[in-house]
Amino acid sequence: MFENLKIKITYKWIMLLGVWFAYFAFGIVQGGIPPIIGPVSSDLDLSRSSMGTILGAWPLVYIITAIPAGALIDRYSLKYTIATGIFLIAISGLSRVFADNYFTMVLSVMIFGIGGPFISIGAPKLISLWFPENLRGRAMGIYLTAPAFGRVLVLSITNSVLMPLFNSNWRLTLLVYALVAFLITFIWIIISRESTFDQSDTESKNLLKNMKTFPELLSIAQVRMILLIVLGMFLFNHGTNNWIPEIFIDLGNTQATAGFLSAIPVVTGALGSIVLPQYIKKQNFQLILLICFFIAGISTVGILFSDGLILYIILGILGFTSRSIMPIIMLILISAVGSKKTGAAGGLYFTFGEIGGVLGPIFLGVSADVFNGFNVGLFLFSGICFILGILSLKINYMKLTTD
């Protein structure tokens, strides 16, 4: 018993590093297309509405796969479920290289939605198993920097390094990101470890019983309110994440400048996901969510009317506030349901979230076509943030943890 405890204490940081790499692969493949929307759209003859449906294709599949993935994660070893997720993400990245029309590109992006849940649901499951409650906020904040770092890297080097290096060949650029994801698959398999802490008990290995956990969680009013907020939060984040480079190009910036500006909220968002979850007291979660949503709503409109240093500051604030919300809400769920049901709770979290993840990119793309620009869409996104801030007052953390 003491030997197993020692292993858990010393090896948990290696496991965290492994899941960080997994989420990094998630970030670079998911973020590969947005910086090169122009060349891809031109080559495949796509409108902004069509590109919006491509960007929203993987969350659509994610909605279907998240709940069964959560049940499988609760039943089987994280070593192999997370490895499966990274591998499928790499396959998605590779297949995009060979897409030659709208439909093949949509199918390629959809594969990402099959692999994604095994990482995004498996990561909090790993944290709940390997880390004590007082360290979970820090650990979750750390691994959530990985997709942000991946997107920052992609935004920084796609148009300034890789596209010039490959003579503006977007297919070779996406190939680089796919190969990195394949490499990370092998890294995870090598460094991840199975232990008694990664094994479910006999009851939790009953897949049918695991599936029955979902309606039990949905019967809790507080959980339903959280899921509604998660839906709106993902709608906002996915819409802005996917279209922000194109928004800045539409405002008159070059592709390289748009990539630089788009990276600012990702960097500050990574910082926010580390700082807020571990330093904010649980009883202040409502107030912090309200403040973050309201500031994010104001900042969203602010980017349309700012430039220079003021724009940099607004983008930094936007990233810090909007990206800090996700780990706080996930921590509330983990504390509420316990480690045995983290997979199920995560499945619901990301199922509802990715409904917004589908709608966000499509909505901004269609609104840009209809209104000949992104201004109307961003004003509506700002309004959504204000509504979510008010709804967050309905989350009673102390009540939720005693249900």
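This write-up is about the structure you can find in this document.

Conventions and cut-offs
Residues numbered from 1 in each chain as written. Predicted model: local features only at pLDDT ≥ 70, side-chain atom pairs only at ≥ 80, totals over all residues. Heavy atoms only, no water. Helix = DSSP H or I, 4+ residues; strand = E, 2+ residues; numbered from the N terminus. Contact = heavy atoms within 4.5 Å. 1 Å grid on protein atoms, 1.4 Å probe; cavity = no way out; pocket = protein on both sides within 12 Å on 5 of 7 lines; lining within 4 Å. Points joined across faces, edges and corners; volume = space filled by probe spheres on them. Nonpolar A, V, L, I, M, F, W, Y, C, P; charged D, E, K, R; others polar. Axes fitted to C-alpha atoms, helices over the stretch in contact; angles between N-to-C directions. Parallel < 35°, antiparallel > 145°, perpendicular 65-115°, else oblique. Buried < 20%, exposed > 50% of the residue type's maximum accessible area, 1.4 Å probe, protein only. Phe/Tyr/Trp six-rings, centres within 6.5 Å; stacked < 30°, edge-to-face > 60°. Left-handed = near helix turned anticlockwise from the far one by under 90°. Salt bridge = Lys/Arg side-chain N within 4 Å of Asp/Glu carboxyl O. Core = buried A, V, L, I, M, F, W, Y, C linked by side-chain atoms within 4.5 Å. Patch = residues over 30% accessible without salt bridge, like charges linked within 9 Å, V, L, I, M, F, W, Y side chains within 5 Å. Areas by Shrake-Rupley, 256 points an atom, 1.4 Å probe, with all protein chains shown as cover. Polar contact = N/O pair within 3.5 Å; in protein donor to acceptor, adjacent residues only side chain to side chain.

Scanning the chain from terminus to terminus reveals 18 helices and zero strands. Partitioning the contacts of the chain with sequence separation of at least 6, the portion at a separation of at least 24 is 84%.

Before going further, it helps to examine empty space enclosed by the protein. In total, this model carries eight cavities of 30 Å³ or more according to the counting rule given. Lining the largest cavity are 23 residues; nearest its centre among them are P147, R151, H238, N241 and M326. Every element with two or more residues in the lining of the largest cavity is listed here: α1 (2–30), α4 (57–75), α9 (145–165), α12 (221–250), α13 (255–279), α15 (308–337) and α16 (342–370). Residue composition of the lining of the largest cavity, grouped by class: 12 nonpolar, eight polar and three charged.

Packed helices, taken two at a time, are described by the angle their axes make and the gap between the axes. Between helix α14 (residues 285–302) and helix α17 (residues 375–391), whose axes approach to 8 Å, the crossing angle comes to 170°. When the interaxial angle is binned, α14 and α17 end up roughly antiparallel. Taken together, the residues of α17 that come into contact with α14 (itself represented by L290, F293, F294, A296, G297, I298, T300 and V301) are L378, F379, S382, C385, F386, L388, G389 and I390. Classifying every residue of the contact of α14 with α17 gives 12 nonpolar, four polar and no charged.

All right, on to unusual backbone geometry then. With a phi close to 60°, D45 is a non-glycine residue in the positive phi region. Judged by relative accessible area, D45 falls into the exposed class, the value being 70%.

With that out of the way, let us pick up the packing of aromatic side chains. In this structure the tally under the stated criterion is 21 aromatic pairs. An angle of 70° between the planes, with centres 4.9 Å apart, marks the rings of F26 and F112 as edge-to-face. Remark: F112 occurs in helix α6 (residues 102–120) and F26 occurs in helix α1; sequence separation between them is 86 residues. Exposure class is identical for F26 and F112. Each is buried. Chaining the aromatic ring pairs together yields one cluster made of Y23, F26, W58, Y62, F112 and Y143.

In contact at an axis separation of 7 Å, α4 and α6 are set at 30° when each is read in the N-to-C sense. Classed by the angle they form, the pair α4 and α6 counts as roughly parallel. Between α4 and α6 lies a crossing of right-handed hand. Between α4 and α6, the residues in contact are A57, W58, V61, Y62, T65, A66, A69, L72 and I73 and V106, V109, M110, F112, G113, I114, G116, P117, F118 and S120, respectively.

A few words on the pattern of salt bridges. Applying the stated rule across the entire model yields three salt bridges. Residue R48 pairs with E246 through a salt bridge whose shortest N-O separation is 3.9 Å. Of this pair, R48 sits in helix α3 (residues 48–55) while E246 sits in helix α12, and the two are 198 residues apart along the sequence. Its salt-bridge partner being R48, residue D250 comes within 3.3 Å of it at the nearest N-O pair. Of the two residues, D250 sits in helix α12 while R48 sits in helix α3, which places them 202 residues apart along the sequence. A single salt-bridge network, built from bridges that share partners, covers R48, E246 and D250.

Within the largest apolar cluster, 119 residues are counted, with the highest numbers of intra-cluster contacts made by Y23, Y349 and F350. Apart from the residues lying within four places of it in its own chain, the contact partners of F350 are Y23, Y62, A66, S120, I121, F234, M326 and M330. In terms of nonpolar packing, the next biggest core, distinct from the first, is built from six residues, A148, V152, V266 and A270 among them.

This part covers the environment of F112. Note on F112: relative accessible area 0%, which makes it buried. For F112, the residues in contact, after removing those within four places along its chain, are F26, V29, Q30, W58, I89, S92 and R96.

Residues F260, L287, I291, I295, L309, I310, Y312, I313 and I317 make up a contiguous nonpolar surface patch of about 820 Å² in total accessible area. Among the elements of the structure, α14 and α15 are those that each provide at least two residues to the nonpolar patch. With five residues, the single largest contributor to the nonpolar patch is α15. Here I317 lies in helix α15.

So, about the side chain of S92. By the secondary structure assignment, S92 is in helix α5 (residues 78–97). A relative accessible area of 0% places S92 in the buried class. Engagement of the side chain of S92 in a polar contact is seen with the side chain of R96, the distance being 3.1 Å. Only 3.5 Å separates the side chain of S92 from the backbone nitrogen of F112, close enough to count as a polar contact. Setting aside residues up to four positions removed in sequence, S92 forms contacts with S108, V109, I111 and F112.

Remember that the coordinates give geometry; whether it matters functionally is a separate question.
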